[in-house]
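The residues making up each chain are set out below.
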Amino acid sequence: MSGICGVGCSVNASKSLVGNVRLADSNQSLTLILRSYSGTMTPPSSPESNSPAAPPLLEVVAVHRNFDDGHVQALRGVSLAIYPGEFVAIIGSSGSGKSTLLSLLGTLDTADQGQILFRGQPITKLSDPAAFRSHNIGFIFQSFHLLPTLTALENVQIPMFEMGWSVSERQRKAKDLLEAVGMSHRLGHLPTKLSGGERQRVAIARSLANSPQILLADEPTGNLDSRNSTQILELLQRVHRESNMTLILVTHDMHIAQMADRVITMRDGAILSDERKSQSVTPAA
Amino acid sequence: MTFLDFTLKNLLRRPIRTILTVMGIGVGIGAVVALLGLARGLSQSWNDAYKARGTDIVVRKGSGLQAQPFDDKLVESVRKTPGVDIATNLLVETLSIEEVPLMIISGREWGSYLWDSLKVVQGRLPNGPDEKAVVLGTLAAEALKKKLGDTVMIETEEFAVVGVVDGKAFVENGSIFLNAPHLQRIMQKENRTNFINIRLAKSADPQAVLKQLKQELAGYRVDTAHDDTSTNDGVKTFEAMNWGTSAIALLVGTFGVMNTMFMSVFERTREIGILIALGWRQARILRMIVFESVALCVGAGVIGILFGIGLLKVLAVTPWMSGKLEPYIGWDLSAEAMLLAVGVGLLSGILPALRCSKINPSAALLQ
């Protein structure tokens, strides 16, 4: 276990270019170079990716999460395994526990019972979960959660502060990422001057800032109109396809869920079904 | 964007609140500068006076600002002490003179070296010990609005102004000088004095003479000229009182900054949750809040120092201070005030920062 980033990353190793990804927008062609550090990102051609035969990237083992002194059981013994490079959609109605599960996977919250493992290492009770998130997790939220006083370019740099990069390096990377998501013309704009779709593009660029292994998207199109929703989902698909990051997307919309390789349906804090496009796997835990 | 840029943007999002907070703590820092400037000015003014006179050692009774009177024959035994070149009596009183509420009256022995340090600017020194005349320091002449040929009423007696002198020190220039017997008579302190000023022989070891005098003059305070002011109970009390007043002003300011920082943290709970979710570690969040608090106080420090210095300059020309006390305005005082401002910033930022670093990101994001 790395002392800096918690679990499963090794920043100390020499810098190596493992992801050289071209993201093409429908209107424009842009190049995104995701510079990463060895071991933090699985290249698209990796044999371990996207396959139940490979060791799981994330394992959820009999996880319970209660609120309101146990009166609300948000998760009731959930178990599942997520593999490197998978695009997993978690679908369910409001109160099904899908967002709670996403929070636990992102170490934003702590399980009351059970364990969550990242590459075989428990992450349920990390002493420094922020360090783990910083190096392994990229978040995309329904409400974008951009900082209102910062421009698009500055917002994207926020996760980079923990990486020890220089100011110019941060700025250059943020610019590259914003160009990659089609926002090069809005670098100096505050969030209030951006449309919903543009804000989410900035948020996606921000989620990629530290070349995470896992992207967690919580209803990423929930606040967008259908045109912007389509564009954002296409962008997410491209990011997933070309970087081969593991993408876990929470939604209540079956049409969106069907874009994923695997759809996990939740109800009342438990997994109702877990289906892959090619095959049906593990029944509900 | 640097970390500093980020924290400053946070402060500037509510400019009016930031300005008011800065002004609040700035007034506190200004009070520190002004009050300490006065206390140090008092000490510095007397030190300068001793230096201008060329006094090495001072004998007095009691350690307050107003020395107690004692027998003026004591000086004769002091003169016999090995290493003492010259020793002379000095009777100092503070009196209300005409329209000026407080003025230093310096009664000096005729022919003593204390007269030598006064450079005549206009007129002359008294002709002899019996002439009923005074000379005025330049600032005293200004304060009393007197010129050569005028008279000055000291208590019940009238004296002719025969000269205006530059005493080369603020205290000296703010004083009225006359021959000691006149002042003794007016104050009904015949054969009494309250200071002995000593100039040492060039070959003398000051510490050895000091030790010898301390042995000989039990019950009296014998100090080097510098120590006479720095260890003076009156000066120390004045400084302590000023520190006390400053501490109250600072405490109020500290609570003001703390309140601002707490409000800022409460208002930004969701944003801080975002930062934590995006991987900002506890230490960085702590640093951000403390940094903001310190930045506020550094701004307040600059304003407070300028305000304090301005206040001192205004006080220096007021009638009740002009000619008596030159406020001390030095880099060291400004540096101390700035350190104090940083300290207040650290102190008032820590509690909000600790609260902030414990924010649950999951809950904060729902706000």
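Residues numbered from 1 in each chain as written. Chains lettered and ligands numbered in written order. Predicted model: local features only at pLDDT ≥ 70, side-chain atom pairs only at ≥ 80, totals over all residues.

*Asks:* Break down the overall build of chain A for me, citing the residues and quoting the values.
*Replies:* The helix and strand tally for chain A stands at seven helices and twelve strands. With 285 residues in all, chain A has 52% of them scored as buried. (Helix = DSSP H or I, 4+ residues; strand = E, 2+ residues; numbered from the N terminus. Buried ≥ 20, exposed ≤ 12 C-beta atoms within 10 Å, placed from the backbone.)

*Asks:* Explain the overall build of chain B to me, using residue names and the numbers behind them.
*Replies:* Regarding its fold elements, chain B presents 14 helices and twelve strands. Taking 367 residues into account, the globule formula puts the C-alpha radius of gyration at 21 Å, and chain B, at 28 Å, lies well above it. Overall size of chain B, expressed as C-alpha extent along the three principal axes, is 90 × 45 × 30 Å. Within the span of chain B, comprising 367 residues, buried residues form 47% of the whole. Counting only contacts in chain B whose residues sit at least 6 apart along the sequence, the fraction spanning at least 24 positions is 84%. (Rg over C-alpha atoms; globule rule 2.2 N^0.38 Å. Contact = placed C-beta atoms within 7 Å.)

*Asks:* Can you tell me about the interface of chain A and chain B, naming the residues and giving the values?
*Replies:* With 21 residues of chain A at the interface, the matching set in chain B holds 20 residues. The element best represented in the side of chain A that touches chain B is helix α2 (residues 129–136) of chain A, accounting for four residues. Residues that form the side of chain A that touches chain B fall into these classes: eleven nonpolar, five polar and five charged. (Nonpolar A, V, L, I, M, F, W, Y, C, P; charged D, E, K, R; others polar.)

*Asks:* Break down the pairing of strand β11 (residues 195–200) of chain B for me, with residues and values.
*Replies:* All names here are of chain B. For β11, a buried count of five out of six residues is recorded, marking the element as mostly surrounded by other parts of the structure. Where strand β1 (residues 57–60) lies against β11, three bridges are found, and the strand directions are antiparallel. Residue pairing in the sheet places V59 in a bridge with I196 of β11. Across six bridges, the pairing between strand β3 (residues 84–97) and β11 is antiparallel. If you follow N89 over to β11, its bridge partner there is I196. (Pairing = 2+ DSSP bridges.)

*Asks:* Tell me about unusual backbone geometry, residues and numbers included.
*Replies:* Even without being a glycine, F144(A) presents a positive backbone phi close to 65°. Residue classification places F144(A) among the buried residues on the basis of 22 C-beta atoms within 10 Å.

*Asks:* Quick rundown of the sheet that holds strand β6 (residues 113–118) of chain A? Include the residues and the values.
*Replies:* Taken in spatial order, the four strands line up as β4-β3-β6-β7 (chain A) in an open sheet, and their pairing is antiparallel. Lying at the two open borders of the sheet, with one neighbouring strand each, are β4 (72–82) and β7 (121–122) of chain A.

*Asks:* I'd like to hear about the confidence of the model for chain A, residue by residue, with values.
*Replies:* Residues and elements named next belong to chain A. Per-residue pLDDT for chain A averages 81, and the proportion of residues at 70 or more is 79%. Here strand β1 (residues 15–24) stands out as the element of chain A with the lowest mean pLDDT, 34, in contrast to helix α3 (residues 152–157), whose mean of 96 is the highest. Considering only residues more than four positions removed or in separate chains, one finds that residues 280–285, a stretch of pLDDT under 50, has 15 contacts. (pLDDT = per-residue confidence, 0-100.)

*Asks:* So, α2(A): which residues are in play, and what are the values?
*Replies:* Of all eight residues making up α2(A), eight are buried, and the element is well covered by its neighbours. Turning to α2(A), its buried residues are P129(A), A130(A), A131(A), F132(A), R133(A), S134(A), H135(A) and N136(A). Among the structural elements, β6, β8 (137–140) and β9 (214–218) of chain A together with α11 (269–277) and α12 (282–316) of chain B are those in contact with the buried residues of α2(A).

*Asks:* Kindly report on the packing of helix α5 (residues 196–207) of chain A against helix α6 (residues 226–243) of chain A, identifying the contributing residues and their values.
*Replies:* Residues and elements named next belong to chain A. In contact at an axis separation of 9 Å, α5 and α6 are set at 15° when each is read in the N-to-C sense. One element, α5, and the other, α6, form an angle in the roughly parallel class. The two elements α5 and α6 cross, and the hand of that crossing is right-handed. Across from G196, G197, Q200, R201 and I204 in α5, the residues of α6 making contact are N228, Q231, I232, L235, L236 and V239. Along the lines of polarity and charge, the residues of the contact of α5 with α6 split into five nonpolar, five polar and one charged. (Axes fitted to C-alpha atoms, helices over the stretch in contact; angles between N-to-C directions. Parallel < 35°, antiparallel > 145°, perpendicular 65-115°, else oblique. Left-handed = near helix turned anticlockwise from the far one by under 90°.)

*Asks:* An account of the nonpolar core is needed here, citing residue identities and associated values.
*Replies:* Formed by 175 residues in total, the largest nonpolar core has its most connected members in I90(A), L178(A), A205(A), I248(A), V32(B), V134(B) and I176(B). If near-sequence neighbours (up to four positions away) are discounted, I176(B) is found in contact with I97(B), M103(B), I105(B), S106(B), V134(B), L136(B), A140(B) and V152(B). (Core = buried A, V, L, I, M, F, W, Y, C linked by C-beta atoms within 7 Å.)

*Asks:* Lay out the environment of R287(B) with the relevant residues and their values.
*Replies:* By the element assignment, R287(B) lies in helix α12. The spatial distance from the C-alpha of R287(B) to the C-alpha of K147(B) is 64 Å, given a sequence separation of 140 residues.

*Asks:* Please set out the sheet that holds strand β5 (residues 87–91) of chain A residue by residue, giving values where relevant.
*Replies:* Think of a sheet as strands paired side by side through backbone hydrogen bonds, with each pair either parallel or antiparallel. Residue and element names in this part refer to chain A. Spatially, six strands are ordered β8-β9-β10-β5-β11-β12 in an open sheet, and the strand pairing comes out mixed. Whereas interior strands pair on both sides, the edge strands pair on one side only; in this sheet they are β8 and β12 (270–276). Between one strand and the next, the sheet's axes are offset by a mean angle of 15°, whatever the strand orientation. One ladder, built from five bridges, connects β9 with strand β10 (residues 246–251); its direction is parallel. By the bridge assignment for β10, D218 is matched with V250. Of the strands in this sheet, β5, β9, β10 and β11 (262–267) touch helix α1 (residues 98–105), which is tilted by about 150° from β10.

*Asks:* Any chance you could break down the pairing of strand β8 (residues 157–166) of chain B for me, citing the residues and the numbers?
*Replies:* Residues and elements named next belong to chain B. By the bridge criterion, four bridges tie strand β5 (residues 119–123) to β8 in an arrangement that is antiparallel. Each residue of the ladder has a partner; that of K119, found in β8, is D166. Of the pairings in the sheet, the one linking strand β6 (residues 133–137) to β8 comprises five bridges and is parallel in character. Bridge pairing in β8 places V135 opposite G163. With four bridges joining them, strand β7 (residues 151–154) and β8 adopt antiparallel strand pairing. Across the sheet, the residue bridging to M153 is E158, located in β8.

*Asks:* Let's hear about α6(A): which residues, and what values?
*Replies:* All names here are of chain A. Helix length check: α6 (18 residues) gives 25 Å between terminal C-alpha atoms against 26 Å at 1.5 Å per residue, within 8%. If you check which residues of α6 are buried, you get S229, Q231, I232, L233, L235, L236, V239, H240 and S243. The positive-phi residue at the C-terminal boundary of α6 is N244, with phi of around 60°. (Expected span 1.5 Å × (residues − 1).)

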